[in-house]
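Secondary and tertiary structure notes
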Amino acid sequence: MLNINDLQASVEGKEILKGISLRVNAGEIHAIMGPNGSGKSTLASVLAGKESYEVTGGNVLFEGKDLIEMAPEDRAREGLFLAFQYPVEIPGVSNINFLKTAITEIRAYKGLPPLSSREFMNLLKEKQELVELKTSLVNRSLNEGFSGGEKKRNEILQLAMLDPKLAILDETDSGLDIDALRIVANGVNKLRTENNAFMLITHYQRLLDYIVPDFVHILYDGKIIKSGTKELALELEEKGYDWVKEELSVQASHSL
Amino acid sequence: MSKDQELLESLASGEYEYGFSTDIEMEMAPRGLNEDTIRYISAKKNEPEWLLEWRLKALTRFLQMEMPHWQSFDLPEIDFQAISYFAAPKKKQLNSLDEVDPELLDTFAKLGIPLNEQKILSGVAVDVVFDSVSVATTFKAKLAEKGVIFCSFGEAVQNHPELIKKYLGTVVPAGDNIFAALNSAVFSDGSFAYIPKGVRCPMELSTYFRINAMNSGQFERTLIVAEEGSYVSYLEGCTAPMRDENQLHAAVVELIALDDAEIKYSTVQNWYPGDKDGKGGVYNFVTKRGICKGNNSKISWTQVETGSAITWKYPGVILKGDNSSGEFYSVAMTRHHKAADTGTKMIHLGKNTKSRIISKGISAGKSQNSYRGLVSIGPNAENARNFTQCDSLLIGDKCGAHTFPYIESKNSSSIVEHEATTSKIAEDQIFYLNQRGIDTEKAVALIVNGYAREVLNNLPMEFAVEAQKLLAISLDGSVG
Ligand SMILES: Nc1ncnc2c1ncn2[C@@H]1O[C@H](COP(=O)(O)OP(=O)(O)OP(=O)(O)O)[C@@H](O)[C@H]1O
Ligand SMILES: [Mg+2]
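The sections below set out a description of the structure shown in this document. Bear in mind that the values here come from a model prediction, so they are computed numbers and not experimental data.

All right, on to the pattern of salt bridges then. Scanning all chains against the criterion turns up 26 salt bridges over all chains. Note that Asp428(B) is salt-bridged to Lys50(A), the shortest N-O span being 2.6 Å. Here Asp428(B), found in helix H9 (residues 427-434), pairs with Lys50(A), found in the loop between helix H1 (40-48) and strand E4 (53-62), and the two come from separate chains. One salt bridge in this structure joins Asp189(B) and Lys45(B), with 3.6 Å as the shortest N-O distance.

Okay, the site of ligand 1 next. Residue and element names in this part refer to chain A. Contacts to ligand 1 come from 16 residues, most closely from Gly 37, Lys 40, Ser 41, Thr 42 and His 203. In the environment of ligand 1, an oxygen atom lies 3.2 Å from a nitrogen or oxygen atom belonging to the backbone of Ser 38. Between ligand 1 and Thr 42, the relevant distance is 2.5 Å, taken from an oxygen atom to a side-chain nitrogen or oxygen of the residue. If ligand 1 stood free it would expose 640 Å²; the protein chains cover 68% of that surface. For the shell around ligand 1, the secondary-structure elements that each account for two or more residues are strand E2 (14-24) and H1. Of the residues forming the shell around ligand 1, the biggest block, three residues, is contributed by H1. Class assignment for the residues of the shell around ligand 1 results in four nonpolar, eight polar and four charged.

Right, let's talk about the sheet that holds strand E9 (residues 166-170) of chain A for a bit. Residue and element names in this part refer to chain A. Reading across the sheet, the six strands line up as E6-E9-E10-E3-E11-E12 and stay open at both edges, with mixed pairing between neighbours. Looking at the sheet topology across the chains shown, the edges are occupied by strand E6 (80-83) and strand E12 (223-228). Across the sheet, the mean angle from the axis of one strand to that of its neighbour is 20°, orientation sign disregarded. Here helix H6 (residues 148-162) sits on the sheet and contacts E6, E9 and strand E10 (197-201); the angle it forms with E6, its principal contact strand, is near 165°. On the sheet, helix H9 (residues 230-239) packs against strand E3 (29-33), strand E11 (215-220) and E12 and is oriented at approximately 45° with respect to E11.

Calculation criteria
Residues numbered from 1 in each chain as written. Chains lettered and ligands numbered in written order. Predicted model: local features only at pLDDT ≥ 70, side-chain atom pairs only at ≥ 80, totals over all residues. Heavy atoms only, no water. Salt bridge = Lys/Arg side-chain N within 4 Å of Asp/Glu carboxyl O. Helix = DSSP H or I, 4+ residues; strand = E, 2+ residues; numbered from the N terminus. Near = heavy atom within 4 Å. Polar contact = N/O pair within 3.5 Å; in protein donor to acceptor, adjacent residues only side chain to side chain. Areas by Shrake-Rupley, 256 points an atom, 1.4 Å probe, with all protein chains shown as cover. Nonpolar A, V, L, I, M, F, W, Y, C, P; charged D, E, K, R; others polar. Pairing = 2+ DSSP bridges. Axes fitted to C-alpha atoms, helices over the stretch in contact; angles between N-to-C directions. Contact = heavy atoms within 4.5 Å.

As structure tokens, then:
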């Protein structure tokens with residue numbers, strides 16, 4: 001589904017991604033971990049097409065198409081979804097109106113007619129129950145005055161509504177209380193199918209207790225320095241990043 | 001910066017949709033302004049002697065007045081002698097809609113204003129002013145059942161002279177300002193509405209203005225009188241063809257609310273703004289004022305200003321009755337080289353009077369957008385209250401937003417609050433919407449509509465949707 005090949009990217013002339021390669025197949029869940037500032041959000045933003053990040057090398061194929069060439073809205077319409085680490089507020093725009101616009105645009109791209117109001121409201125009701133989001137929140141302006149946790153849950157509602165092929169969750173777990181974490185994780189587990197894939201960016205093993213990843217990758221200083229299965233996350237939790245760094249420097253000295 | 005920035009700029013330079021003109025036989029006064037012009041207009045309209053005298057006095061005042069200098073934009077030289085002050089489709093004196101020139105019906109159908117009563121938005125009566133004359137008023141009979149008078153100004157002069165004589169110029173006197181004086185001298189037509197005591201007007205009233213003729217101006221007058229305990233909601237809409245030269249629109253609107261009466265007045269103004277280089281466009285210099293004459297009365301202005309080369313107006317309320325209240329809700333959007341200097345005047349005279357001002361400016365392109373507002377509290381206005389909120393949204397970095405609040409308080413028990421914000425559409429907001437499959441053009445329209453929500457919510461339902469589309473279209477680079 002997603003094939004990242006030696007991806008390099010910089011912002012304001014500063015190189016941040018230094019050659020990332022990663023392959024995500026349908027039905028898989030990948031966890032991406034790594035210390036603060038290592039480039040996790042940058043990777044997510046580059047994949048979603050944020051303009052201030054310049055791709056300086058490598059390439060990315062999404063369902064066989066060149067992702068980097070596509071406008072951000074087309075990437076979304078092709079089925080790439082990013083749950084933001086810091087969702088923005090858009091005052092005065094109702095959550096419902098926004099969701100309806102988004103779904104209409106995505107459907108139009110696929111040559112489908114807009115949902116009728118009734119179909120839309122039924123879908124909304126179903127998905128809202130899935131993420132247990134209060135109707136009062138759904139009726140409010142988009143993220144305006146939402147608490148940190150409410151914003152994160154609203155991201156998951158959008159994910160459920162838009163039903164993407166690949167969903168990247170950038171620290172959706174941080175800022176969630178323990179009940180909300182369970183609800184979000186359950187939501188993701190229910191949305192998971194043979195045909196879609198998830199990339200979970202997280203700092204905490206806790207999330208991975210609920211959503212069990214197929215692969216875990218450690219991003220460090222703009223590179224994936226270690227990949228493994230779910231045991232890697234446990235080991236990391238136990239030993240900390242210093243352990244990976246040490247391993248890395250040992251490798252480096254060997255290769256000298 | 002970047003691609004986003006370019007897109008924003010191209011969005012801000014979309015073309016005008018209502019720029020076509022109608023080819024129709026017109027009767028026009030010779031260009032120029034003097035006593036003969038006034039006599040010509042008055043005779044054409046078969047007016048009583050007192051009204052001619054009133055016009056002539058206004059002309060004298062006009063000739064003595066000078067152009068103001070305090071405004072925030074460069075006021076272009078206006079050659080008052082180069083304008084024709086009267087233009088009317090030749091066929092006049094219509095008895096029913098069937099007699100309206102099909103060419104005209106076509107024009108209004110294109111503008112989305114079907115004049116055919118069966119097709120018209122249900123629950124809205126429309127008076128249509130084409131250049132200098134009212135060409136049609138719908139639903140007259142239905143309104144008459146309730147005693148509501150809704151007709152063209154010219155007709156009111158013929159059929160209800162006592163009402164016109166009683167109220168004309170009582171809220172906006174002829175000498176109020178130079179454009180009000182000009183209007184008083186040369187006004188051609190407009191709308192008149194009278195709501196009798198205790199009547200809730202059964203439908204929205206609306207007037208649709210269109211300037212068509214070349215080298216002409218539009219100088220209409222609107223007068224609305226709401227008797228004790230009555231209620232009316234009124235809406236005006238305006239467009240003009242694309243012309244290279246500037247056209248002058250100098251209207252006067254007077255509202256009178258007696259005890260316990262309420263008038264809600266909404267404007268969706270979309271005069272031709274000129275092209276992207278600043279050529280042509282309508283000068284929209286309008287004087288609008290209401291008086292809450294009776295106790296517990298209420299006047300509310302809502303305006304969505306998306307057109308005109310220059311918009312210059314301050315719809316205000318004189319709060320004379322005790323416990324009366326005035327509201328002003330405004331969205332003013334400027335783009336290209338346009339300018340807007342608009343706001344309100346709330347004059348608190350009575351006790352416990354309240355006013356609320358919500359102004360939302362949107363500037364794009366190289367435009368300049370100013371809010372100018374006066375809140376004046378008189379010595380007898382015990383416990384007067386005002387709340388003002390003035391927000392500015394900037395699109396791109398070549399435009400400007402300015403705020404000039406004036407507060408005069410002569411009563412220490414009054415409370416006046418003022419809040420102001422300036423913001424930009426953040427790139428992060430656009431990216432967020434892009435990431436959900438919404439392109440930048442639609443994203444900007446969504447954000448702008450969200451920003452204007454509080455004002456749009458005050459429009460009557462049918463028009464809120466229209467206004468929302470208009471804001472989107474005015475930003476849209478691709479709609480022709
Ligand atoms: N717009 C920007 N301008 C300058 N530096 C930036 C910009 N965006 C990101 N960076 C830098 O790039 C590096 C990677 O940032 P990124 O947000 O991708 O880290 P992260 O792995 O998501 O960290 P965290 O775990 O704290 O969320 C950081 O050093 C950050 O300061
Ligand atoms: Mg991050």
